[in-house]
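Inside the fold
Listed here are the chains, written in short residue letters.
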Amino acid sequence: MIIEIAGPGADAARESIAAATADWGHPAHTLPPAATVTRPDTKGVDPVAVTSLLLSVPSAVLAVADITDRIRKRRRASELIERARQLSTEQTTARLVRADHSVDLAALTADQLLDLIADEPLAD
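Residues numbered from 1 in each chain as written. Predicted model: local features only at pLDDT ≥ 70, side-chain atom pairs only at ≥ 80, totals over all residues. Heavy atoms only, no water.

1. With respect to a nonpolar patch on the surface
The test is simple: Like charges within 9 Å and nonpolar side chains (Val, Leu, Ile, Met, Phe, Trp, Tyr) within 5 Å are joined into patches, using only residues over 30% in relative accessible area that form no salt bridge. Computed by Shrake-Rupley with a 1.4 Å probe, the accessible areas treat only the displayed protein chains as cover when residues are assessed. A carboxyl oxygen of Asp or Glu within 4 Å of a side-chain nitrogen of Lys or Arg is what we treat as a salt bridge. What counts as a helix is a DSSP run of H or I of at least four residues, what counts as a strand is a run of E of at least two, and both are numbered from the N terminus.
On the surface, V45, V50 and L54 cluster together into a nonpolar patch covering about 280 Å² of accessible area. In this fold, V45 is placed in the loop between α2 (33–37) and α3 (47–89).

In structure tokens form, the structure reads like this:
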């Protein structure tokens, strides 16, 4: 196991780590900072890792955008459902009319309303 500690206060941190790992049966060795940088088995940048990172960024951005859009739509759907519930106390009904059936808005949750809207075919 190799633990590399660098920065201000590294000596105190090394002592603390050495005390914590002493009973593990692995003594702590202190190396000069230059020795860890110039080891022959040290690599600079793994091009496969960089490529996979670059390829995963657009899908991550798209996922975050989808979640943000869903949150915004969910908030608006909740407001619409709440307004429909207020109207139902005044003996007024708000319904979502689809091609095959209609649904009372006051009886839906925000997620159900968004799913129903997503399933609706686009109007030409």
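Don't stop here, the text continues.
2. Focus on the pattern of salt bridges
The condition is simple: The buried label applies to any residue whose accessible area, calculated with a 1.4 Å probe on protein chains only, is under 20% of its type's maximum; exposed applies above 50%, and partly exposed to all values in between.
Counting across every chain of the model gives five salt bridges. One salt bridge in this structure joins K73 and D69, with 3.2 Å as the shortest N-O distance. Placement of both K73 and D69 in helix α3 is noted, with a separation of four residues, approximately one turn of the helix. For D111, the salt bridge is made with R74, and the minimal N-O distance between the two is 3.0 Å. Of this pair, D111 sits in helix α4 (residues 110–119) while R74 is found in helix α3, placing the two residues 37 residues apart along the sequence. For R74, a relative accessible area of 39% puts it in the partly exposed group. Salt bridges sharing partners connect three or more residues here, namely R70, R74, D111 and D115.

3. Section: the nonpolar core
As a reminder, the rule being used: Only buried Ala, Val, Leu, Ile, Met, Phe, Trp, Tyr and Cys residues count toward a nonpolar core, and they belong to the same one when joined by side-chain atoms within 4.5 Å. Throughout, a contact is declared for two residues whenever any of their heavy atoms are within 4.5 Å.
A77, I81, A84, A94, V103, L105, A106, L108, A110, L113, L114 and L116 form the largest nonpolar core, which has twelve residues in total. Mapped by element, the contributors of at least two residues to this core are α3 and α4. For this core, the element with the most residues is α4, which contributes four residues. L105 has contacts with L80, I81, A84, A94, R95, L96 and L113, leaving out every residue within four places of it along the chain.

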